[in-house]
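# Examination of the molecular architecture
For reference, the chains in residue letters:
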Amino acid sequence: MSGKKKKVRVLMVCLGNICRSPTAHGVFQHHIERAGLTDVIRVDSAGTGDFHIGEKPDKRSRAAAKKRGYSIGGLRARQVQPEDFEKFDYILAMDDNNLRDLMLLCPKPHRHKLSLFMEFADSNYSAVPDPYYGKGDAFELVLNLVEEASEALLAHIMIHDLNG
Ligand code: 4NP
C-alpha cells in the first residue's frame, strides 16, 4: 500500500476575501504548521464577491495579524469558483450572508461541506462580524474569534479525519 495520505482541504470564505477569510487562512495555516500537519491539511480562502480580486489583505487586517505573529501579506483575493465545491472538504463561511450565498452556488451533493466557521468553536458568537466599516478593534475581534475557531477546527479534523 502506498503511504500517501488523503489531504483534508479547507476553504475559508467571506465577502471580499480581504479581511476575515485571509485572516482565517493565515491563522489556520499557523495552527497546521505548529501541529506538524502541513502534509495532510491544506487551507485556502476566497470571497463570494468579486470587487477585490487580486488585492492584498486589507492594511488593517495585515497590521492586526502581524501584531500577533501571523503573516498574511502574501495572500491575494480571489472569488469562489465552481470547482471549489468539488475540491474542498470543509467550506467555511464567516457569516450568515456568506453561507447563504455559498448555499445558492453549491451543487447539492457538496452542500454538506458548507457551514459557519464559528460552529466549530464554543463561543457566544455564531459568526465573525464584518470589520470593514467597523472601528479599529473590530479587527482584534476578528482575530480573537478566528484563533478560537481555528483551534477547535484543528481538533475536529484530527478526531474526525485523521483518526485522532
Ligand atoms: P471581508 O470584508 O468580507 O471580511 O473581506 C469586507 C471587505 C470589503 C467589503 C466588505 C467586507 N466591501 O464592501 O468592499
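Quantities reported herein were computed from a predicted structural model and do not represent experimental measurements. (Residues numbered from 1 in each chain as written. Predicted model: local features only at pLDDT ≥ 70, side-chain atom pairs only at ≥ 80, totals over all residues. Heavy atoms only, no water.)

Attention shifts here to the packing of helix H2 (residues 59-67) against helix H5 (residues 138-160). It is at 9 Å that the axes of H2 and H5 come closest, and there the two elements cross at 55°. The pairing of H2 with H5 is recorded here as oblique in orientation. With respect to the hand of their crossing, H2 and H5 are arranged in right-handed fashion. Within the contact between the two elements, H2 uses Arg60, Ser61, Ala64, Ala65 and Lys67 and H5 uses Phe139, Glu140 and Leu143. In terms of residue class, the contact of H2 with H5 is built from four nonpolar, one polar and three charged. (Axes fitted to C-alpha atoms, helices over the stretch in contact; angles between N-to-C directions. Helix = DSSP H or I, 4+ residues; strand = E, 2+ residues; numbered from the N terminus. Parallel < 35°, antiparallel > 145°, perpendicular 65-115°, else oblique. Left-handed = near helix turned anticlockwise from the far one by under 90°. Contact = heavy atoms within 4.5 Å. Nonpolar A, V, L, I, M, F, W, Y, C, P; charged D, E, K, R; others polar.)

This part covers the packing of aromatic side chains. Applying the stated criterion across every chain, the model contains two aromatic pairs. Both rings, one in Tyr90 and one in Phe120, keep their centres 6.1 Å apart while their planes meet at 65°; by these two values the pair is edge-to-face. On the criterion of sequence distance, the pair formed by Tyr90 in strand S3 (residues 90-93) and Phe120 in the loop between strand S4 (114-116) and H5 is long-range, its members being 30 residues apart. Look at Tyr132 and Tyr133: their rings are 4.8 Å apart centre to centre, the planes differ by 85°, and that puts the pair in the edge-to-face class. Judged by relative accessible area, Tyr133 falls into the exposed class, the value being 77%. (Phe/Tyr/Trp six-rings, centres within 6.5 Å; stacked < 30°, edge-to-face > 60°. Buried < 20%, exposed > 50% of the residue type's maximum accessible area, 1.4 Å probe, protein only.)

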